[in-house]
Amino acid sequence: MEKFKKFVSYVNSVGKSWLNIVFFVLDLLSFLAIYFNPSLTYLPILFTLFLLVSFAYSSFLYFEKTVGEEVSIIVKHKPVQRIYRVLEIYNASTYDIGDIEIRVEWEQSEGSQFRNLEDAVVDVNAEIVKVSPSQLSVLKSKEKVWAVNVPHHSTDGKMNVVIKGLRLDIGKPFIFEKEIEVPKVAK
């Protein structure tokens, strides 16, 4: 039933395109013209063809707009409660994301390091000292979480954050990658 409702809203959105409305009105007028002048039988065929092409084009544009929008994530490396460092992850898009993998990569004197953080996530309103980190399975639209167990610094002052997941409304996978600044220490 939910898929049917989505399909009806999709057809409704596409049907409201001004081009589709114009061709629909012309199509109706061409049927009316046949009533007054039967020699104009080519008009309904022509305008119906235009209407179908317009509807297909509008469907393509609507689908591209819906699918083409990328997931927008904002990440920050920040101190919390004086001694803790967290990676703040904010889903700024209008889509829920799931099947999340969070990986951070940074440089230390021993060489390149990496850490997976998807099972070390807490709510931003929780006290870090009192709460146990849990696994992040879904990050809802406009939701903010903290990934704990984050490195405090790197030798080059940079940390690469890679977040992989799935846009839940259409099942489209995405990869978000950003290099952020962290406190720098000498080698």
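Residues numbered from 1 in each chain as written. Predicted model: local features only at pLDDT ≥ 70, side-chain atom pairs only at ≥ 80, totals over all residues. Heavy atoms only, no water.

Visitor: Which parts of the structure should I look at to understand the pairing of strand 8 (residues 158-167)?
Guide: For a regular strand, the rule is simple: side chains alternate between the two faces of the sheet. Across the ten residues that make up strand 8, a large majority, seven, are buried. As judged from the eight bridges shared by strand 3 (residues 97-108) and strand 8, these two strands associate in the antiparallel manner. Across the sheet, Ile-97 pairs through a bridge with Arg-167, a residue of strand 8. As defined by bridge partners, strand 8 adjoins strand 9 (residues 172-181) across ten bridges and the pair is classed as antiparallel. Residue pairing in the sheet places Leu-166 in a bridge with Pro-173 of strand 9. (Buried < 20%, exposed > 50% of the residue type's maximum accessible area, 1.4 Å probe, protein only. Helix = DSSP H or I, 4+ residues; strand = E, 2+ residues; numbered from the N terminus. Pairing = 2+ DSSP bridges.)

Visitor: What's the story with the side chain of Glu-118 in this structure? I'm lost.
Guide: Its place among the elements puts Glu-118 in the loop between strand 4 (111-116) and strand 5 (121-123). Nearest to the buried, unbridged Glu-118 among oppositely charged side chains is Arg-103, at 8.6 Å. For Glu-118, the side chain forms a polar contact with the main-chain nitrogen of Ile-102, separated by 2.9 Å. Ignoring any residue separated from it by four or fewer positions in sequence, one finds Glu-118 in contact with Ile-100, Glu-101, Ile-102, Ser-134, Gln-135 and Leu-136. (Lys, Arg positive; Asp, Glu negative; His and termini not counted. Salt bridge = Lys/Arg side-chain N within 4 Å of Asp/Glu carboxyl O. Polar contact = N/O pair within 3.5 Å; in protein donor to acceptor, adjacent residues only side chain to side chain. Contact = heavy atoms within 4.5 Å.)

Visitor: Would you mind going over the pattern of salt bridges with me for this structure?
Guide: Close approach of charged atoms allows side chains with opposite charge to pair. Considering all chains together, one arrives at four salt bridges under this definition. Ionic pairing is found between Arg-167 and Asp-169, a salt bridge with its closest N-O pair at 2.8 Å. For Arg-167, a relative accessible area of 1% puts it in the buried group.

Visitor: How should I be thinking about the packing of aromatic side chains in this particular structure?
Guide: Two measures describe an aromatic ring pair: the distance that separates the ring centres and the angle between the ring planes. This structure, assessed with the given rule, holds zero aromatic pairs. Note that Arg-103 overlies the ring of Phe-114, its terminal NZ or CZ placed 3.9 Å from the centroid. Taking the ring centre of Tyr-95 as reference, the NZ or CZ of Arg-167 above it sits at 3.6 Å. (Phe/Tyr/Trp six-rings, centres within 6.5 Å; stacked < 30°, edge-to-face > 60°. Lys NZ or Arg CZ within 6 Å of the ring centre and 35° of its normal.)

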